[in-house]
Amino acid sequence: MFCNDIQDMDLTNALQGLMSLFTDIVSMVSADITEMLKSKVNNWIESQPLFIQALFGDLCWES
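This structure is a prediction, so every number in the text was calculated from the model and none was measured.

1. What about the overall build of the protein?
Alright, step 1. Within the protein, the secondary structure is distributed over four helices and zero strands.
Alright, step 2. With 63 residues in all, the protein has 21% of them scored as buried.
Alright, step 3. Restricting to contacts in the protein with at least 6 residues of sequence separation, those with at least 24 account for 52%.
Alright, step 4. Put simply, the protein shows about 4,900 Å² of open surface, and 59% of that area lies on carbon and sulfur atoms.

See below:
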């Protein structure tokens, strides 16, 4: 559905947009699940190359 919207995006904008959407959705689920998801995402970010980690340096979980 969104293929035409994202086909021209660069990697930086695509990852930042995806993470923004994800953090918005996480804020709507129960607190137990939210904390688990935050932990998993933070672990994933830490396992990425430094250039990807830098994209999420200002990741904000608060809405």
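From this point on, the discussion continues.
2. Let's talk about the pattern of salt bridges
Opposite charge on two side chains allows them to pair when their charged atoms are near.
Alright, step 1. On inspection of all chains with the given rule, the structure shows one salt bridge.
Alright, step 2. As a salt-bridge pair, Lys-38 and Glu-35 come within 3.6 Å of each other at their nearest N and O atoms. Pair noted here: Lys-38 and Glu-35 are both in helix α3 (residues 31–46), with a separation of three residues, about one helical turn.

Here is what the cut-offs are and how they apply
- Residues numbered from 1 in each chain as written.
- Predicted model: local features only at pLDDT ≥ 70, side-chain atom pairs only at ≥ 80, totals over all residues.
- Heavy atoms only, no water.
- Helix = DSSP H or I, 4+ residues; strand = E, 2+ residues; numbered from the N terminus.
- Buried < 20%, exposed > 50% of the residue type's maximum accessible area, 1.4 Å probe, protein only.
- Contact = heavy atoms within 4.5 Å.
- Areas by Shrake-Rupley, 256 points an atom, 1.4 Å probe, with all protein chains shown as cover.
- Salt bridge = Lys/Arg side-chain N within 4 Å of Asp/Glu carboxyl O.

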